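Chain by chain, the residues run as shown.
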Amino acid sequence: MRRSRQALVVVFLVFIVTLSVYYADLGDFCPERGFVCPIPHDEDIIIRNDDIGEGDFGTRRRGGRKHKGIDLEAPIGTPIRAARTGKVIETGNEPSGYGKYVEMRHPDGFITIYAHLSEIDVKEGEIIRRGKIIGKVGKSGNASHRLIKSHVHFEIREDGVPVNPMDYIQSEERGMHPVKKNIISFVRDHLP
Ligand SMILES: [Zn+2]
């Protein structure tokens, strides 16, 4: 009898600890400070890799330039979502560069850029919440070559310096899912 009560206390304590870990993580998530991938994905993020070039951050470009973002491969027309809550500070069309693009400003000195769109669904000055649709994938600007797979060119700049978006997207999503899974399996294994 006593032992089963002890076991109950242990289970209860483990439950409380798991719950607090879960909510601590959720607390980080709710203010929407983390970045999500602009292209919804069930499994791995697909980085463009075709006959014309690679879409990883920092890969070489013409004239000794380096790729300042990542190219997220997706069919034309795929909705693109804001990676983080922020304000649209610029939309435009650069036929020999970004094509149709959206630029957003976020707290803590962050800027995000989404380029080569087929359609822009936001206006300058709008506040857009993370996850809301800002446009559609296209092949505008210098992504119009037939051998270039359709993608969104996605940049994150921190205090004006381009950083690897994969570091930001991944840490946020890695932080979220495993903890959620833990509590679900915990409840399944420990509750009647
Ligand atoms: Zn690119």
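None of the values given here were measured: they were computed from a predicted structure.

Draft legend 1. A look at the overall build of the chain. Helix and strand counts for the chain stand at two helices and nine strands. For the chain, the N- to C-terminal ordering of α and β elements is α-β-β-β-β-β-β-β-β-β-α. Within the chain, buried positions represent 24% of all 192 residues. Contacts in the chain between residues at least 24 apart in sequence constitute 64% of all its contacts with a sequence separation of at least 6.

Draft legend 2. Examining the pairing of strand 7 (residues 133–137) more closely. Looking at chain direction, strand 2 (residues 79–81) and strand 7 are connected through three bridges and run antiparallel. Its bridge partner lying in strand 7, Ile-80 is registered against Gly-135. Note that strand 5 (residues 110–120) and strand 7 share three bridges and pair antiparallel. Across the sheet, the residue bridging to Ile-120 is Gly-135, located in strand 7.

Draft legend 3. Main features of unusual backbone geometry. The backbone of Asp-108 sits at a positive phi, close to 65°, despite the residue not being glycine. Looking at the secondary structure, you find Asp-108 in the loop between strand 4 (99–106) and strand 5. The exposed category is assigned to Asp-108, around which 8 C-beta atoms lie within 10 Å. In the Ramachandran plot, Asp-159 falls in the positive-phi region, its phi being about 50° despite a non-glycine side chain. Among the structural elements, Asp-159 can be located in the loop between strand 8 (151–158) and strand 9 (161–163).

Draft legend 4. Geometry of the nonpolar core. One finds Val-102, Tyr-114, Leu-117 and Val-152 to be the most contacted residues of the largest nonpolar core, which totals 24 residues. Elements with a minimum of two residues in this core: strand 1 (70–73), strand 4, strand 5, strand 7, strand 8 and helix 2 (165–190). In terms of residue count, the dominant contributor to this core is strand 5 (four residues). In this view, Val-152 contacts Pro-38, Ile-39, Leu-72, Ala-74, Ile-80, Tyr-114, Ala-115, His-116 and Val-137; residues no more than four positions away in its chain are not counted.

Draft legend 5. Quick peek at the confidence of the model for the chain. Of the residues in the chain, 78% reach a pLDDT of 70 or more, and the chain-wide mean stands at 83. Note on residues 24–31: pLDDT is under 50 here. Beyond four places in sequence and across chains, it has six contacts. In the predicted structure, residues 174–192 sits below a pLDDT of 50 and forms eleven contacts with residues beyond four places in sequence or in another chain.

Draft legend 6. Highlighting the pairing of strand 3 (residues 86–94). Bridge count between strand 3 and strand 6 (residues 127–128): two bridges; the pairing is antiparallel. Along strand 6, the bridge assignment pairs Gly-86 with Ile-128. Sheet topology places strand 3 next to strand 4; seven bridges connect them, and they run antiparallel. Following the sheet pairing, Lys-87 is matched in strand 4 by Arg-105. Connecting the antiparallel pair strand 3 and strand 4 is a turn made up of four residues.

Draft legend 7. Representation of the environment of Gly-34 in the model. Mapped onto the fold, Gly-34 is located in the loop between helix 1 (2–29) and strand 1. Classification of Gly-34 by C-beta neighbours within 10 Å gives partly exposed; the count is 18. When the C-alpha positions of Gly-34 and Thr-85 are compared, they lie 9.1 Å apart, and in sequence the two are 51 residues distant.

Cut-offs and rules
Residue indices follow the written sequence of each chain, beginning from 1 at its first position. Side-chain atom pairs in this predicted model are given and counted only at pLDDT of 80 or more, local residue features only at pLDDT of at least 70, and totals for whole chains, interfaces and linings cover all residues. Only runs of H or I of at least four residues qualify as helices and only runs of E of at least two qualify as strands under DSSP, and these elements are numbered from the N terminus. Field definition: a residue is buried when 20 or more other C-beta atoms are found within 10 Å of its C-beta, exposed when 12 or fewer are, and partly exposed for counts in between, with C-beta atoms placed from the backbone. A pair of residues counts as a contact when their C-beta atoms, built from backbone coordinates, are separated by no more than 7 Å. Any two strands with at least two DSSP bridges between them are considered paired. By definition, a nonpolar core groups buried Ala, Val, Leu, Ile, Met, Phe, Trp, Tyr and Cys residues that are joined through C-beta atoms within 7 Å. The predictor attaches a confidence to each residue, called pLDDT, with possible values from 0 through 100.

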